[in-house]
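Residues per chain, in single letters:
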Amino acid sequence: MTDIPKYEIIIWWSKEDNCYLAEVPELPGCMADGNTLKTVTENVEQIIREWIECAIEDGESIPKPLGRLKYA
């Protein structure tokens, strides 16, 4: 898989973990970390690929990207 679907990714700095964390809200449990923005972005892209591959292997459906999620 070369192109990954364009999911919303939320990135923040974690003082507790001393690194950036990235979460993909549309893919439950899909998170990554990295010491730089570049690293966390590369890592989360890889984790999205792996999340999708695991879902396919398990016969699960792959959520379609909804774009920016709205929060209350």
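Look above for the structure.
Criteria and thresholds
- Residues numbered from 1 in each chain as written.
- Predicted model: local features only at pLDDT ≥ 70, side-chain atom pairs only at ≥ 80, totals over all residues.
- Heavy atoms only, no water.
- Phe/Tyr/Trp six-rings, centres within 6.5 Å; stacked < 30°, edge-to-face > 60°.
- Helix = DSSP H or I, 4+ residues; strand = E, 2+ residues; numbered from the N terminus.
- Buried < 20%, exposed > 50% of the residue type's maximum accessible area, 1.4 Å probe, protein only.
- Disulfide = S-S within 2.5 Å.
- Patch = residues over 30% accessible without salt bridge, like charges linked within 9 Å, V, L, I, M, F, W, Y side chains within 5 Å.
- Areas by Shrake-Rupley, 256 points an atom, 1.4 Å probe, with all protein chains shown as cover.
- Salt bridge = Lys/Arg side-chain N within 4 Å of Asp/Glu carboxyl O.
- Lys, Arg positive; Asp, Glu negative; His and termini not counted.
- Charge placed at Lys NZ, Arg CZ, Asp CG, Glu CD.
- Core = buried A, V, L, I, M, F, W, Y, C linked by side-chain atoms within 4.5 Å.
- Pairing = 2+ DSSP bridges.

Trainee: Kindly report on the packing of aromatic side chains, identifying the contributing residues and their values.
Mentor: Applying the stated criterion to the full structure yields 1 aromatic pair. Pairing tryptophan 13 with tyrosine 20 gives two aromatic rings, centres 4.9 Å apart and planes at 75°, and the pair type is edge-to-face.

Trainee: An account of unusual backbone geometry is needed here, citing residue identities and associated values.
Mentor: Residues other than glycine seldom take positive phi values, yet asparagine 18 does so here, at roughly 55°. Mapped onto the fold, asparagine 18 is located in the loop between strand E1 (10-14) and strand E2 (19-23). Relative accessible area serves as the criterion here: at 53%, asparagine 18 is assigned to the exposed category.

Trainee: Before we move on, can you summarise the state of the cysteines with the specific residues and values?
Mentor: Summed over all chains, the structure comprises 0 disulfides. Cysteine cysteine 30 remains unbridged, with the sulfur of cysteine 54 as its closest cysteine sulfur at 10 Å. Looking at cysteine 54, the relative accessible area reads 43%, which means it is partly exposed.

Trainee: Just give me the short version of a negative patch on the surface, but keep the residues and values in it.
Mentor: A surface patch of like charges, here negative, comprises Glu50, Glu53, Glu57, Asp58 and Glu60. You can call glutamate 50 partly exposed: its relative accessible area is 35%.

Trainee: Residues and numbers for the nonpolar core, please.
Mentor: Counting 11 residues, the largest nonpolar core consists of Ile4, Tyr7, Ala22, Val24, Leu27, Cys30, Ala32, Val40, Val44, Ile48 and Ile52. Of all the elements, helix H1 (residues 37-57) adds the most residues to this core, at 4 residues.

Trainee: Describe the pairing of E2, with residues and values.
Mentor: Across 5 bridges, E1 lies against E2 in antiparallel orientation. Its bridge partner lying in E2, serine 14 is registered against cysteine 19. Hairpin connection of E1 to E2: 4 residues between the antiparallel strands, including asparagine 18 at a positive phi of 55°. Inspection of the sheet shows E2 paired to strand E3 (residues 31-34) by 4 bridges, in the antiparallel sense. Counterpart to leucine 21 in the pairing with E3 is aspartate 33.

Trainee: Outline the environment of glutamate 53, listing residues and values.
Mentor: On the secondary structure map, glutamate 53 appears in helix H1. With 35 residues separating them in the primary sequence, glutamate 53 and asparagine 18 have C-alpha atoms 29 Å apart.

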